[in-house]
Amino acid sequence: MSAPGRLRLGQVGLGLVLLGAWEALPRLGLVPRLFVPPLSEALGTLVAERREFASSLPTTLGEIAAAYVLACGGGVLIGQAVAASRTARRVVLPLIRSAYAVPLVVLYPVMMVWFGLGPESKVAFAAVYAFVPTVLTVAAGVGALNPALAETARALGATRLQQVVYIALPASLPSLVAALRLGGALVIVGVIVAEMLGAAAGLGFLITRYRTLLNSAGVYAGIILVLAMTGTHEALLRRLERRVAAFRAT
Amino acid sequence: MRRSERLVVAAAALGAVLGWEALVRRGWIDGGLAPAPSVIAPALVALLTRPEVLTSLGVTAWEILASFMIAVPVGFFIGFTLAEVPFLGGLLRPLVNFLFGVPKSIFLPVFILVFGVTITQKIAFGVFTTLFVVITGGIAAVESVPRELLTVSRVYGATRWQMVREIYLPAMAPILLESARLGMIFNITAVLLCEIYGARDGIGYRIAAWGENVQMPQLYAALLVVAAGAVAVNEALRVVEARIGRWRSVP
Amino acid sequence: MIPTVGGAKALLSLRSVSHEFVADGLRVPALEDVDLDVPDGQFLAVVGPSGCGKSTLLSLIAGLRRPSRGTVFCGGEPVTAPMPRKIGMVFQEANLLPWLSAIDNVAFPLKLRGVPARQRREAAARMLALTGLAGFEDRLPHQLSGGMKQRVAIARGLVQDPAVLLMDEPFASLDEQTRMVLGDELLRIWSETRKTVVFVTHSLSEAVYLADRVVVLSARPGRIVDDIEVNLPRPRTFSLTSSEHFGTLRERIWRHIRSGERR
């Protein structure tokens, strides 16, 4: 078998081994069931408690949607604005980069005081959480635009508006999609974490409740759901990224 | 940033603080939710002189340091191994990339199930979160070493050990430092998340408590301390990174 | 027994050297039955169509690879591994260590050998002066132009005073003017130090201009198809390149390459 074929087989094999271990090790008593329940038990709980999980989803997904618009929408706009002006790039970007170091998770207690336990605090927190990295990604991408393209367009007689629509926008699409991919992932995580920290409903709240009840299968069932969400989001955006990759201005 | 721009930024920050103060006094901002800076400042001073708070800060600092000291060497070692050993690398790297994309915070409940609400749990979770950033950095660092330089050193008779010391280490240093710095950012966030979620001590625990009791001045003061601390650590690491990476040409 | 050529002692000798690469289970022949003697102090150019194995030949002489068949001799000893004190090498990309200054880059081979710092610096400074870079000792590579980087690389190749200097298309990534300047500089350095130089190049004009002797390799697998003595007067000047003799030599080489490339 050729080298790449062998590698593929190895990877698939590794995946199967890991899944198998997840199932076998707890059953054999090698890993305490409280820490890691067998995979089948987690999946079983997911199915058995599907009504609970299903009813938590609208809350969570709604919060994600709202935060997505705020963080990614706002992040893209601000990122473009900052990157557009050379002064702004020089002054604002270093500040934002330093701000990246601040552990935003400590803002959640503030959000809870301001907005209560309801969805607003989750939306606010997730929006803030995802905002800074999104701005940074967008600004970095816009900055990498090839100035020669814009000059060529001007030489060919394009108006400002035409330059934006036909050159700047398509050229910045790849980095926009990349920013959405990153920002979206952070929004999802931000919402779930916020729900875990303090909420009355939602998937994160459910996970915490299972934890306090020491129902580890329930905890893992919830985690599997979250992973499904982030995985789907990632896959969708990767596909989008591939589509617009051809627009990348080299 | 030029000096004049720095002054502008400082002036703007000062203006924001004064504006906030004014808005609270006018009643346009609810002083209960967002106390005026003149209220936060004394609270900050009081905070930093209370021994329990200082102890909490110490606990948090210890958790952060311990997890960092564990995650960085282990992560680099794993990264180097994955980069240098071909079959192992090809097999495990997609797994690492996949795990890198998985959000670690959602596993926090699992860590509490396993370790309970203890300092060990926080350190373990910190290591767990930081590890993947550092592994990825280790792999990138090894791959950044230009192969031609190794050929050159072979022509001039370098031993294996000399190649490591004279070529690998200097070439990898900037990327290793950068990933350590990023790892630290993730690490601090992870530890604080743990403390807010469930803890018996630590500044995160206190922040959550002040939030619950709506003790806003203390809450804001603590936020300032944490933010300042995190930024200070990051900037310090950035200075080291810049000095080590001076030879990299600006693209 | 040291292989001899005419009366002059051959410093470098290749005896029935063949080499092949194994890629994806296939054997790719690179060189076939190369017999070559290079006397001490000769400037030898090696030319040939793309892929003919010129660079492979150089890496075999340098000891970076061992030939699949046959032996390479340097100073009478078989070459099985790099011999840093006898053979120096300059590559197409200067390949300087980006975190070291020019003088530290030149001193690098000496550092590997354990030569004390002060001696290293003195030797390196001398080499930098020889290659025309006096005053640039403390510059970092990213502060140097392409031509200057190659000068540093040449200085590094000479710092251990090897008998042989191997050069693998060292001027190929430079612009034409820099190439010409460095070519003349190289000849000046060579006449002052009288090393044996094996110079691989794509450029026929460069080969004829610089060398005493040009060896032409065929297309893959590389075989020596011509061995031309360049008896143009030294020192070489630019006006020589428009002489009839120069053109004849170049034409002769070109005919080999053309028939090779067409395949």
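Please read these numbers as outputs of a predicted model, since none were measured by experiment. (Residues numbered from 1 in each chain as written. Chains lettered and ligands numbered in written order. Predicted model: local features only at pLDDT ≥ 70, side-chain atom pairs only at ≥ 80, totals over all residues. Heavy atoms only, no water.)

**Examining the overall build of chain A**
As a reminder of what qualifies: By the criteria applied, helices consist of DSSP H or I runs no shorter than four residues and strands consist of E runs no shorter than two, each listed in order from the N terminus. Each residue is assigned to one of three classes by its accessible area relative to the maximum for its type, calculated with a 1.4 Å probe on protein chains only: buried under 20%, partly exposed between the two thresholds, exposed over 50%.
What chain A contains, in helices and strands, is ten helices and zero strands. Listing each helix as α and each strand as β along chain A from the N terminus yields α-α-α-α-α-α-α-α-α-α. In terms of overall dimensions, chain A has C-alpha extents of about 70 × 60 × 30 Å along its principal axes. The 250 residues of chain A split such that 42% are buried.

**Considering the pairing of strand β8 (residues 164–168) of chain C**
Residue and element names in this part refer to chain C. Keep this limit in mind: We treat two strands as partners when DSSP finds at least two bridges between them. We call a crossover right-handed when, viewed with the strands running away from us, the connection from the first strand over the helix to the second turns clockwise.
Counting buried positions along β8 gives five out of five residues, so the element sits mostly inside the fold. Here β8 shows no split at all, with Val 164, Leu 166 and Asp 168 on one side and Leu 165 and Met 167 on the other all buried. Of the pairings in the sheet, the one linking β8 to strand β9 (residues 196–200) comprises five bridges and is parallel in character. Counterpart to Leu 165 in the pairing with β9 is Val 197. Taken together, β8, helix α5 (residues 176–193) and β9 form a β-α-β motif whose crossover is right-handed.

**Concerning helix α4 (residues 86–99) of chain A**
Let me state the cut-off plainly: Here the expected span of a helix is defined as 1.5 Å times the quantity of residues minus one.
With 14 residues, α4 of chain A ought to run about 20 Å at 1.5 Å a step, and its terminal C-alpha atoms sit 20 Å apart, in line with that. Every buried residue of α4 of chain A is accounted for by Ala 88, Val 91, Leu 93, Ile 96 and Ser 98 of chain A.

**What to know about helix α3 (residues 50–84) of chain A**
Short version of the rule: Here the bend at each residue means the angle between axes fitted to two seven-residue stretches, the one ending at that residue and the one beginning there.
Helix length check: α3 of chain A, at 35 residues, gives a terminal C-alpha distance of 48 Å against a target of 51 Å (1.5 Å per residue), a fit within 8%. At Leu 57 of chain A, α3 of chain A is deflected by roughly 30°, the largest bend along its length, and proline Pro 58 of chain A occurs up to four residues later in sequence.

**Concerning the interface of chain B and chain A**
Note the following rule: For this analysis, residues touch if any pair of their heavy atoms sits within 4.5 Å. Buried area: the accessible area, evaluated with a 1.4 Å probe, that two parts lose upon being put together, summed over both parts. A carboxyl oxygen of Asp or Glu within 4 Å of a side-chain nitrogen of Lys or Arg is what we treat as a salt bridge. N or O atoms closer than or at 3.5 Å make up a polar contact, with two conditions inside protein: a donor-capable atom paired with an acceptor-capable one, and, for residues adjacent in sequence, both atoms drawn from side chains. Amino acids outside the nonpolar list (Ala, Val, Leu, Ile, Met, Phe, Trp, Tyr, Cys, Pro) and the charged list (Asp, Glu, Lys, Arg) are all regarded as polar, and Gly is one of them.
Taken together, the contacts link 45 residues of chain B with 41 residues of chain A. Contact between chain B and chain A buries roughly 3,900 Å² in total, counting both sides, with carbon and sulfur atoms accounting for 80%. When residues of chain B are sorted by the area they lose upon contact with chain A, Ile 106, Leu 113 and Tyr 197 of chain B head the list and together hold 18% of the total. If you look at where chain B meets chain A, you find one salt bridge. Across the pair Glu 5 of chain B and Arg 90 of chain A runs a salt bridge, and its minimum N-O distance is 2.5 Å. On the surface where chain B and chain A come into contact, there are six residue pairs in polar contact (both at pLDDT 80 or more). Each residue belonging to the side of chain B that touches chain A can be placed in one class, and the counts come to 36 nonpolar, five polar and four charged.

**Topic: the pairing of strand β11 (residues 224–229) of chain C**
All names here are of chain C. Sheet analysis places strand β10 (residues 213–217) next to β11, joined by five bridges and oriented antiparallel. Following the sheet pairing, Val 214 is matched in β11 by Ile 228. What sits between β10 and β11 in their antiparallel hairpin is a turn of six residues.

**Digging into the interface of chain C and chain B**
Interfaces are often sized by the accessible area lost when the parts come together. Chain C puts 20 residues into the contact, and the matching count from chain B is 18 residues. Overall, the association of chain C and chain B removes approximately 1,900 Å² of surface from exposure, summing both partners, and the carbon and sulfur fraction of that is 71%. It is Leu 64, Trp 99 and Leu 112 of chain C that lose the most area in chain C upon contact with chain B, and together they represent 35% of the buried surface on that side. Of all the elements in the fold, those that place two or more residues in the side of chain C that touches chain B are β7 (87–90), α2 (102–113) and α4 (146–158) of chain C. Tallying contributions element by element places α2 of chain C first for the side of chain C that touches chain B, with four residues. A breakdown of the residues in the side of chain C that touches chain B according to their chemical character gives 13 nonpolar, five polar and two charged.

**Points about the packing of α2 of chain C against helix α3 (residues 117–130) of chain C**
All names here are of chain C. Note the cut-off: Where helices are involved, their axes are fitted lines through C-alpha atoms of the stretch in contact, as for all axes, and angles between N-to-C directions lie from 0 to 180°. Relative orientations are named as follows: roughly parallel for angles under 35 degrees, roughly antiparallel for angles over 145 degrees, roughly perpendicular for angles from 65 to 115 degrees, and oblique for any other angle. Handedness of a crossing follows from how the near helix is turned relative to the far one, being left-handed for an anticlockwise turn of less than a right angle and right-handed for a clockwise one.
Viewed as axis vectors pointing N to C, α2 and α3 meet at an angle of 125°, and their least axial separation amounts to 8 Å. Considering the angle they form, α2 stands oblique to α3. By crossing handedness, the relation of α2 to α3 is classed as right-handed. From α2, Ala 102, Ile 103, Asp 104, Val 106, Ala 107, Leu 110 and Lys 111 reach across to α3, where they touch Arg 120, Arg 121, Ala 123, Ala 124, Ala 125, Met 127 and Leu 128. Here the contact of α2 with α3 is built from residues that sort into ten nonpolar, no polar and four charged.

**A closer look at the pattern of salt bridges**
Summed over all chains, the structure comprises 27 salt bridges over all chains. Glu 52 of chain A serves as the salt-bridge partner of Arg 209 of chain A, at 3.2 Å between the closest nitrogen and oxygen. With Arg 209 of chain A in helix α9 (residues 203–212) and Glu 52 of chain A in helix α3, this residue pair connects regions lying 157 residues apart in the sequence. Taking relative accessible area as the criterion, Glu 52 of chain A reaches 31% and is therefore assigned partly exposed. Residue Arg 213 of chain C pairs with Asp 227 of chain C through a salt bridge whose shortest N-O separation is 2.8 Å. Remark: Asp 227 of chain C occurs in strand β11 and Arg 213 of chain C occurs in strand β10; sequence separation between them is 14 residues. Accessibility expressed as a relative area gives 12% for Arg 213 of chain C, which makes it buried. Salt bridges sharing partners connect three or more residues here, namely Arg 181, Glu 234, Arg 238 and Glu 241 of chain A.

**A word on a nonpolar patch on the surface**
Residues and elements named next belong to chain B. Inclusion rule: Surface patches are drawn from residues lacking salt bridges whose relative accessible area is over 30%; two like charges belong together within 9 Å, two nonpolar side chains (Val, Leu, Ile, Met, Phe, Trp, Tyr) within 5 Å. Using the Shrake-Rupley algorithm and a 1.4 Å probe, accessible areas are obtained, with residue cover drawn only from the displayed protein chains.
A cluster of nonpolar side chains, Trp 62, Leu 65, Met 69 and Ile 119, forms an exposed patch at the surface whose accessible area comes to about 430 Å². The element best represented in the nonpolar patch is helix α3 (residues 51–84), accounting for three residues. Structurally, Ile 119 is set in helix α6 (residues 119–143).

**A few points about the packing of aromatic side chains**
The cut-off we apply is this: Pairing of aromatic rings covers Phe, Tyr and Trp, the last counted by its six-membered ring, and requires centre-to-centre distances within 6.5 Å; plane angles under 30 degrees mean stacked, over 60 mean edge-to-face, and any other angle means tilted.
Summed over the entire model, instances satisfying the criterion amount to 17 aromatic pairs over all chains. Between the aromatic rings of Phe 53 of chain A and Tyr 210 of chain A, the centroid separation amounts to 5.9 Å while the plane-to-plane angle is 35°, which identifies the pairing as tilted. Of this pair, Phe 53 of chain A sits in helix α3 while Tyr 210 of chain A is found in helix α9, placing the two residues 157 residues apart along the sequence. The residues Phe 53 of chain A and Tyr 210 of chain A share a single accessibility class, namely buried. Measuring from centroid to centroid gives 6.1 Å for Phe 111 of chain B and Phe 115 of chain B, while their planes differ by 20°, and the two rings are stacked. Note that Phe 111 of chain B and Phe 115 of chain B are positioned in helix α5 (residues 108–115) at a spacing of four residues, about one turn of the helix. Looking at Phe 111 of chain B, the relative accessible area reads 12%, which means it is buried.

**Focus on the packing of α3 of chain A against α4 of chain A**
For any two helices packed against each other, one specifies the inter-axial angle together with the distance between the axes. Residue and element names in this part refer to chain A. Interaxial distance between α3 and α4 falls to 5 Å at its minimum, and their mutual angle equals 115°. If you check the angle between α3 and α4, you find them roughly perpendicular. Counted together, Val 82, Ala 83 and Ala 84 of α3 and Arg 86, Ala 88, Arg 89, Val 92 and Leu 93 of α4 form the full contact between these two elements.

**Re the sheet that holds β7 of chain C**
Residues and elements named next belong to chain C. In spatial order, the strands read β7-β8-β9-β4-β10-β11; together these six strands make up an open sheet with mixed pairing. Bordering the open sheet on either side are β7 and β11, each of which pairs with just one other strand. Pairwise comparison of adjacent strand axes, ignoring direction, gives a mean angle of 15° for this sheet. Relative to β7, α4 is tilted by about 170°, and along the sheet it contacts β7 and β8.

**Re the confidence of the model for chain C**
Residues and elements named next belong to chain C. For the record, the criterion: As a per-residue measure, pLDDT reflects the predictor's confidence and takes values from 0 up to 100.
Of all residues in chain C, 95% attain a pLDDT of 70 or more, and the chain-wide mean is 89. For the stretch residues 1–8, pLDDT sits under 50, and the model shows 13 contacts to residues farther than four places along the chain or on other chains. Scoring of the predicted complex yields 0.84 for pTM and 0.86 for ipTM.

**So, unusual backbone geometry**
When glycine is set aside, most residues are seen to have a negative phi, and most peptide bonds are trans. Residues and elements named next belong to chain C. At the junction of Arg 220 and Pro 221, the peptide bond is cis and its omega measures out at -5° in the coordinates. Structurally, Pro 221 can be placed in the loop between β10 and β11. Here the amide bond leading from Arg 234 into Pro 235 is cis, since omega sits at 0°, within 30 degrees of zero. Structurally, Pro 235 is set in the loop between β11 and α7 (244–261). The phi angle at Asp 161 is positive, at roughly 55°, despite the residue not being glycine. Here Glu 169, not a glycine, exhibits a phi torsion of approximately 45°, which is positive. Residue classification places Glu 169 among the buried positions, given a relative accessible area of 10%.

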